[in-house]
Structures are given as structure tokens and as C-alpha cells.
Amino acid sequence: MAAKNETAQESVDGPYYLEKVLIPDDSDDDYQYEEVLADEERSMAEGDDEDLEAAVRALRDASDGTGSVLQRLSSAKQPFSHIPEVVDDFLRNFLVKMGMSRTLDCFQAEWYEMEQRGLLKTELVEFVPDAYTHNQLLDNELKNVQRERDSYRQAASKASETLVKLQKERDFHRLQHKRVVQEKNRLVEDIKRLKKHYGSYEPALKQLSYKYQVALKQKMLISLERDRACGQANSLEATLCNVHSSSTIRSANRDTGLPPQQEKYQSKSGKGGQLQNDGIALYDQDKDPTKNTAQKHPKDSEFPVSSRVNPYLGQIKALASHCPKASGFRFTNSLKAHTLPISCLALHPRKFIVASSSDDQLWRLWGMPMGDMIMTGEGHSDWLSGCSFHPNGGSLATTSGDTTVRIWDFSQGRCILTLDGHTHATWGCSFHSCGDFVASCSMDNTTKVWDLQSERCRNTLRGHVDSVNSVTFLPFSNTLLTCSADKTLSLWDARIGLCAQTFYGHQHSCNHATFNALGNTVASCDSYGVVKLWDVRKVAAMITMDTGPHPSNQMAFSPSGRTLAIASNDGSVKLVELASTQVSSLLGHDDAVQSVVFDHKGEYLLSAGSDGAILIWS
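What counts and how
Residues numbered from 1 in each chain as written. Predicted model: local features only at pLDDT ≥ 70, side-chain atom pairs only at ≥ 80, totals over all residues. Heavy atoms only, no water. Phe/Tyr/Trp six-rings, centres within 6.5 Å; stacked < 30°, edge-to-face > 60°. Helix = DSSP H or I, 4+ residues; strand = E, 2+ residues; numbered from the N terminus. Buried < 20%, exposed > 50% of the residue type's maximum accessible area, 1.4 Å probe, protein only. UniProt positions renumbered as here; feature names shortened; annotations may be inferred. Salt bridge = Lys/Arg side-chain N within 4 Å of Asp/Glu carboxyl O. Expected span 1.5 Å × (residues − 1). Arc of directions from axis to C-beta.

Below, the discussion takes up the packing of aromatic side chains. Centre-to-centre distance and the angle between the planes together describe a pair of aromatic rings. Tallied over the entire structure, the rule returns 10 aromatic pairs. Where Phe107 meets Trp111, the ring centres are 5.7 Å apart and the plane angle is 35°; that geometry is what we call tilted. In this pair, Phe107 and Trp111 both sit in helix α6 (residues 101-117), 4 residues apart, roughly one turn of the helix. Here Phe107 matches Trp111 in class, with each residue buried. In this structure an aromatic cluster arises from ring pairing among Trp363, Phe389, Trp408 and Phe410.

Listed below in C-alpha cells is the structure:
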């Protein structure tokens, strides 16, 4: 309770100090000091309650100045929002602040002495005027404002430096922008001039192309006339020689006395044997003007007889009885074969091994269906566009954007032959069944037949007026099938390099064409997804299917010939049941599908695309 009273008193009067003061006997003042025992006079009764009212009664009984104390205690109970500083506290704080300790001691001694004697009139003790307090507050605010001013000055100086830097950068970028705009305007003007210049070339090119076609036709006609004239001249020369020889034989017979029958026989089987009884010249292969007059290379291979029969026809008919349906194929496995798009897949002639060619300038061999990599080859200087196995399975032919055809030997693990003759990128290749010839097609509008023994081009097939996009040999035949961006397909005799048949019907660039296993049907696809099936004997379209609008890139017949797989640019593989022309799709690639191929039994279907992956369907 005493502690509460002291706290209340201190809250009214402010903090005070108790100090022991000794008054010497030889003091100069005449005042008689008495010792007052505060503990005895101001002690409370033991039975009293320790509350505020008991403390007030004790103080009223023990002290004469009870009125002022009660007044201050009652005023302490009233709530204050703000208690100003009293004068004595102000003076004490001022003296402490100034370091005037002796003055402070004297002030406190005299102050408490007067308070104990009751000489200090508390009602006259006032609070410190607001002006002083306000001055202190203003002083503190001034200091805070000065600190803020200094911080703002620093921030302003930094902002000024940043502004100058940004202005310099702005001016620099303005200059760069003006320079870029000037260059852009100059380039726009150059492009306009180039377009105008290019526009002037188009009619000239059309005129030159027309002249070239006319000249080519005239050359062909002149060549035919020349060959006919040469044939007639040779015939006349042979007739004259026979006439002279017959007259010589008759004169000799007259000299020897031979009968007329023997003379007739002699005229039939005499020197050269080139005339029949009626005087017509017989065929002489060495003097045939239509035969290729190019000098024959000693290492040239001979084309096999074209009457060979496909030995796998029986196996094909057996597969047709239990071929799987197109709707039964499901995704089985996938492998990341190349880092760039895959352009072509080729199947080994006897084993389930697949070769892949890619835009990363590499070709690879894969063991299927597990997808184990067997071999990798590199050597082309540009992207690879196609590949084809040798009939014996020991080598591989590849075509590339570097205009060459390369032959790779697996046993040596390297390129053994480079065939260079095309003037533009080569798109595809195909081996003859005998293995001595390989055909390649190119963007230079031609197809070339290469002899691997003499390592030279035997024939160049000219007739297409745009890029030749695919080429394939009819199995066990000398017939070549090509398709071109000029919207046509052509059948060629590879021995003499002449076109036998041309198929018309596509409205857009033909991307690929292939034979079925029997060789009596041709399938072709174009850049708008239109697929056509052609009867080779009738040279007419049997079926037309629209799988667009996305381009169809490549096709493959199943070994039974009843299903056609189409690699589409929309990222799907389309399967067509040829009997019902029902189309189904296999989805799994992330990009365009570039190539498809069936295995030997038709149980697996492999597809490769621009995502660099090979997907296996079974």
C-alpha cells in the first residue's frame, strides 16, 4: 500500500530524490532543527486495511498539510490525456542537462527543506509554460526535418545522376533508331528494285523455256530424221554391196560351172548374209542407228533380261490370306533416332533391320523391334534425303542435298563410292534387283541410272519439267517409276532411258510413288493429300482418295498389298484398306511424318518424322 501511495505521489509531484543532509553545529543560521522520525509518526495501525482510504486517513492524522495532499490525491484519480512538466522537474532536468550538479544539490536541499517545514506553497507551483515545451518539440522536429532534408538531398543527387545517364542512353537509342530506320528504308527500296528486276525476268524465262522446248522438239525430230536417213543409206549401201557380190559370184560360177540352185543358195548365205531372197536387208545390231552410240566402258554391266519373274509372288499370295487389318495396329515402342528430322526409312532385304537418314547428315542402322542401334555413318556435307539397301543387304545407298549419291559398305564401315553428276539436290534412290545398278532422282528435273561396276552414269532420263521427287525400280524388272513436281508419273525403260508411259491426273506436285508387291498397281500422293491408285496395264486411275488438306509425304504397301500406309504432314500415319477404301489414323508423332515402311510379314509398321523419332506399331 505504501508503494501505491508513493507511486501516486510521484505521479503528481514528479520524481523526487531523498538525500541525507547533515547540519553542522556551527551553522550560521539561527533556525533550530529538530529530528523527525517519519517511521514512528506516519506508521499505520496493524489492523487497518491496506487501501487508498486508510492511507489517506493516516496521512490526515500524521501531517498538518493534509488538505493539500488530499487535494493532490483526488486530482491524481482524474484521467489526464497529457500531464505537463512542472517547474521543479523542469529546473532539475535543465540543471542535469547543463551539468550544474552543485546548483542542483543546493536547489534540491532547499526545496525539500521548505517542503518538510510546510513553507512551500504548492498551489503556487505551476507547470512549465507551453512555450518552453513547444520550443523543445520544435527543436526536435527541426532536427528531424534537417535529417530528412539531408536524405532528400542525397536522393535528389542520385536521381539527378540517373536522369543524366538515362538522357544519354535515350539520345544514343534515338540515334540507333534513326540509323535502323534509314537502313530499313534503304532495304525496302532495294527489295522494291529487286522485285521489279525479278518481275522483268519472268517473261524472259518463260520465253526462253518455250524456245528450249521448241528446240528440244526440233532436235528430237531432226534426230529421228537423221536416224531414218542413216538407216536408208546403210540399207542402200548393203544392197549395192550385195549386188556387186552377186554379180561376182555369177561370173565365178560361170567360170566354175556351178548349177543355178547352188548360185541361189550362195546368194542367200554368202558374204555378210545380210539379204533375204527378196533383197530386204536383215537387222544388224552393230549398225542400229537407234542404239546408244556412246563408247562402251569395258567394266559396264549388262542389264538382265526383263522377262524375269518375281520369286516372291508365292510368298506374297500366302501373306494375303492372313494379313492384319489396318485398324489392328497399336503403338508398341518409340526411339529417339536423330536430333533433326528423319527424311527416309529403308528395310533390309532379308532381316528386320531398318536404315534411317536424317537432316543431321547421318544415317543409322537399327535392329528392330527392340530399336538397338547397329551402325552410324557420316560423310555427306548436307542433309540426307533418302536411302536404299543393296539387294544382298551388304551395302546402302544414300542421297543428299550435296547433289551426290554415296554407296556405303557395311563390312568396311565406310563410303566406297561417290556418284557425282546431278546439278541440284538428290531426293531419292533405288537399287535394281540385280544389284549392279542404282537409280537416283534430283531437283535438276532428271533421273540417272548408275552402273556400280564402271562407276559411271549409264543413262540420264529427261522428260519431267520440274523436280523429280521419287524413283523406284519395279522388282525384278528394268522398269523405273518416277514422280515429279510437274504433277505427272512416268514409267521408263532403264536400258535405253526412254519414257514408256506417263500418268496424268494429279492437280498438285507429286511427292511419292511406289509399286505394290505384284507390280500391277501404282500408288501416288501429292502435296494436297490426294492419293491415287493406278492400273499399270491400262495407264488409268482406279481409285482417288482425299486425305488432305495436309501434304502426304510418302507411302508404303503392306507385303500382302491390301493395306496402304501414308505418312502425312499433320503428324499422323493414315492406313487405307484398299478393298473398302476405309481410312484410319495412327497418332503419336509430335511433328510431320516423313516416311513409313512395313516389315517383311506385315506384322509391324514403322514411321519416322520431323520430330527425329521412329515409332513402332504392331
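With numbering matched to this structure, UniProt assigns "repeat: WD" (unreviewed entry) to residues 335-376, 377-418, 419-460, 461-502, 503-544 and 586-618. Span residues 586-618 is 0% helix and 55% strand, its end C-alpha atoms 11 Å apart.

A word on the pattern of salt bridges. Evaluation of the coordinates by the stated rule reveals 11 salt bridges. A salt bridge links Arg495 to Asp493; the shortest N-O distance between them is 3.0 Å. With a relative accessible area of 18%, Asp493 lands in the buried category. Put simply, Lys574 and Asp570 hold a salt bridge, and the shortest N to O gap is 2.8 Å. A relative accessible area of 35% places Asp570 in the partly exposed class. Ionic contacts of the salt-bridge type, sharing partners, join the residues Asp300, Asp451, Arg456 and Arg458 into one network.

Given 3.6 residues per turn, any residue in an α-helix points the same way as the ones three and four places further on. Relative to the 16 Å expected for 12 residues at 1.5 Å per residue, helix α5 (residues 87-98) spans 16 Å between its end C-alpha atoms, a close match to the ideal helical length. Within the span of α5, buried status applies to Asp88, Asp89, Arg92 and Leu95. Projected onto a plane normal to the axis of α5, the buried residues spread over an arc of 130° and lie on a single side. Just downstream of α5 lies Gly99, where phi reads positive at about 80°.

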